[in-house]
Amino acid sequence: MVGPAPAPTLLLQHVPEPKQGKNRMHLDLDFGTADLTSEVNRLEQLGAARLSEELNEHGFRWIVVVDPEGNEFCVFNPPKSLRHWRLRNT
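Residues numbered from 1 in each chain as written. Predicted model: local features only at pLDDT ≥ 70, side-chain atom pairs only at ≥ 80, totals over all residues. Heavy atoms only, no water.

Asks: Requested: an account of the overall build of the protein, with residues and values cited.
Replies: A tally of regular secondary structure across the protein gives two helices and six strands. Counted from the first residue to the last, the protein has its helices and strands arranged as β-β-α-β-β-β-β-α. Residue pairs in contact within the protein that sit at least 24 positions apart in sequence constitute 32% of those at least 6 positions apart. Of the accessible surface of the protein, which amounts to about 6,600 Å², a share of 58% is contributed by carbon and sulfur atoms. (Helix = DSSP H or I, 4+ residues; strand = E, 2+ residues; numbered from the N terminus. Contact = heavy atoms within 4.5 Å. Areas by Shrake-Rupley, 256 points an atom, 1.4 Å probe, with all protein chains shown as cover.)

Asks: Can you lay out the environment of Asn56 for me, pointing to particular residues and giving the numbers?
Replies: Examined against the element boundaries, Asn56 turns out to sit in strand S4 (residues 55–57). Of the residues examined, Asn56 reaches a relative accessible area of 58% and is grouped as exposed. In the structure, Asn56 is positioned 20 residues away from Phe76 in sequence and 9.2 Å away in space, judged by C-alpha atoms. Here Asn56 is in contact with Arg61 and Trp62, once residues within four sequence places are set aside. (Buried < 20%, exposed > 50% of the residue type's maximum accessible area, 1.4 Å probe, protein only.)

Asks: Tell me about the packing of aromatic side chains, residues and numbers included.
Replies: Summed over the entire model, instances satisfying the criterion amount to one aromatic pair. Considering the side-chain rings of Phe60 and Phe76, the 6.2 Å spacing of their centres and the 40 degrees angle between planes classify their relative orientation as tilted. You can see Phe60 sitting in strand S5 (residues 60–66) and its partner Phe76 sitting in strand S6 (residues 72–77), a full 16 residues away along the chain. Judged by relative accessible area, which is 8%, Phe76 ranks as buried. Seen from the ring of Phe31, Arg42 lies directly overhead, with NZ or CZ sitting 5.7 Å from the centre. (Phe/Tyr/Trp six-rings, centres within 6.5 Å; stacked < 30°, edge-to-face > 60°. Lys NZ or Arg CZ within 6 Å of the ring centre and 35° of its normal.)

Below is the structure:
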């Protein structure tokens, strides 16, 4: 039996500063792939634009992207330890 495709992980991040050139709500999307570049290339084909190269901090890796309406979001991968935990608990 095949179930529905897994949905992307959605992380909402509160930012304390008032809006000044970026969204008040910033989406960080985990599409479940380790290849961030390929995922961002796919999004660029759909109309998004890359705003950064790959960044990393505390084991998280991400690329900042903007949609055609100017809304910024990140495509990210969690640290390997969190990825393994998520796979075991789904």
